[in-house]
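Here are the chains, one letter per residue:
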Amino acid sequence: MAIRTIFWDNDAVVMIDQKALPNEERYVTCCNYGEVIRAIKDLTIRGAPAIGVAAAMGVALGMLHLETTSRDEFARTFYHICKNFAATRPTARNLFWALERMERCFADANPSDLEAVKKALVDEAVRICEEDIAVNRLIGMNGRSLIGDGASILTHCNAGALATAGYGTALGVIRAACEEGKQVHVFVDETRPVLQGARLTAWELMKENIPATLIADGMAGFLMKQGKIDLVIVGADRIASNGDTANKIGTYSVAVLAHHHGIPFYVAAPLSTFDFSIPDGNHIPVEERAAEEVTHLWGQAVAPFGAPALNLAFDVTPNDLIAGIVTEKGIMEPPYTSCLKPYRPA
Ligand code: MRU
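How each quantity is defined
- Residues numbered from 1 in each chain as written.
- Predicted model: local features only at pLDDT ≥ 70, side-chain atom pairs only at ≥ 80, totals over all residues.
- Heavy atoms only, no water.
- Pairing = 2+ DSSP bridges.
- Helix = DSSP H or I, 4+ residues; strand = E, 2+ residues; numbered from the N terminus.
- Axes fitted to C-alpha atoms, helices over the stretch in contact; angles between N-to-C directions.
- Contact = heavy atoms within 4.5 Å.
- Patch = residues over 30% accessible without salt bridge, like charges linked within 9 Å, V, L, I, M, F, W, Y side chains within 5 Å.
- Areas by Shrake-Rupley, 256 points an atom, 1.4 Å probe, with all protein chains shown as cover.
- Salt bridge = Lys/Arg side-chain N within 4 Å of Asp/Glu carboxyl O.
- Buried < 20%, exposed > 50% of the residue type's maximum accessible area, 1.4 Å probe, protein only.
- Core = buried A, V, L, I, M, F, W, Y, C linked by side-chain atoms within 4.5 Å.

Undergrad: Help me understand the sheet that holds strand S2 (residues 12–16) in this model?
TA: For sheets, the rule is that strands pair by backbone hydrogen bonds, running either parallel or antiparallel. Pairing is antiparallel in the open sheet, where three strands are placed in the order S1-S2-S3. Each edge of the open sheet is held by one strand with a lone partner, namely strand S1 (6–9) and strand S3 (27–30). Here the average twist between neighbouring strands, direction ignored, is 25°. Two elements, S1 and S2, share four bridges in a ladder whose sense is antiparallel. The residue of S2 that forms the bridge with Trp8 is Val13. Packed onto the sheet, helix H1 (residues 33–41) meets S2 and S3 and runs at close to 140° relative to S3.

Now the structure itself:
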């Protein structure tokens, strides 16, 4: 059965608890928007598109439970909630894209009927969720030709069903190739510091019987040297107008290694991950997370007490290391600025 990452149920937001995976498959129910914000911050839900869906549903939830007849208070609360969600995960472009959609929906709704506005916001959030799955299926269809029968693929972090509303981006491309009957083998970077590869990607692939081998991050280069990797495919958190791509820390190193070994490095992402307001990757805000994610594993210290640690959650891969970006509109190829031009909002 398909993995359900997040859904709207009974005036609440339900999501699979990604902190508990792979040991426990449990769902958490968020009954107010503060709980959704906490879930985004503590990685109960993560992955740029899934964060966007969670934020949209969180905003809808916050407004649904607001009891007021004052239009001013209603509007003030709406923008206050949006602002709080915008402060959760700065790199994930889909978060801001989803909030912009909710703001447009709010602006278009009839302010004299607050119950109708609430309904419009809930409908929009559910639509964002459903559309994400449909878009990912298109990404899969568009990208599956990149994967030859018998291909050996390396991926980093988790750009699967769990990182989206469903199906996934990079893993969606792999899924689509498998659905076509191709045999593949996926090497999964464990993805330090919080192990999205080991905990989530390995879990997803095993659940669907897609052959996969987990490796320590530092192993990727040597496997490439041994000729064991045919291509790399990863997801993205934010892509600048020129194709520079932010993704989980460690992605840049993989791209450099792939370049050195002459292995194509692909990105798979929906257009909602593109930030056309910035010319290049130097403008992408990189989230810095708590040092404890580096110094501790499962609450256990793996470094001397008090060891200073740096925890940049993302890095930026320059466009010249990227062979193609698979989107729902097709595969974008260099030079990205001109290839992406038709998709820039006016
Ligand atoms: O910190 P995370 O787990 O939210 O980071 C996720 C990633 O880096 C993913 O690769 C990215 O969001 C693409 S998800 C389709």
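Undergrad: Got a minute to help me understand a nonpolar patch on the surface in this structure?
TA: On the surface, Val286, Leu310 and Leu312 cluster together to form a nonpolar patch covering roughly 250 Å² of accessible area. Relative to the assigned elements, Val286 resides in the loop between strand S11 (274–275) and helix H10 (292–295). Accessibility expressed as a relative area gives 35% for Val286, which makes it partly exposed.

Undergrad: Looking at this structure, how should I read the sheet that holds S11?
TA: Spatially, the four strands line up as an open sheet ordered S11-S8-S9-S14, and their pairing is mixed. For this open sheet the edge positions go to S11 and strand S14 (314–317), each flanked by a neighbour on one side alone. Of the pairings in the sheet, the one linking strand S8 (residues 238–240) to S11 comprises two bridges and is parallel in character. Bridge pairing in S11 places Ala240 opposite Asp275.

Undergrad: Any chance you could explain the nonpolar core here in plain terms?
TA: Buried together is how nonpolar side chains tend to be arranged in soluble globular proteins. Grouped together as the largest cluster of nonpolar side chains are 44 residues, with contacts concentrated most on Val13, Val36, Phe85, Met102 and Leu121. Elements represented by at least two residues in this core include exactly S1, S2, H1, helix H2 (48–64), helix H3 (71–86), helix H4 (93–108) and helix H5 (114–143). For this core, the element with the most residues is H2, which contributes twelve residues. Each residue touching Leu121, except ones within four places of it in the same chain, is listed here: Ala60, Met63, Phe78, Met102, Cys105 and Phe106. In terms of nonpolar packing, the next biggest core, distinct from the first, is built from 27 residues, Val254, Ala255, Ile263 and Met332 among them.

Undergrad: Sorry if this is basic, but what is going on with the pairing of S2 here?
TA: Sheet faces and side chains relate simply in a regular strand, where the side chains alternate between the two faces. Taking burial as the measure, the five residues of S2 include five buried ones, the bulk of the element. Burial of the side chains of S2 extends over both faces: Ala12, Val14 and Ile16 are buried on one face and Val13 and Met15 on the other. Connecting S1 to the antiparallel partner S2 that follows it, the hairpin turn spans two residues, and Asn10 within it adopts a positive phi of roughly 55°. The pairing of S2 with S3 spans four bridges and is classified as antiparallel. By the bridge assignment for S3, Ile16 is matched with Tyr27.

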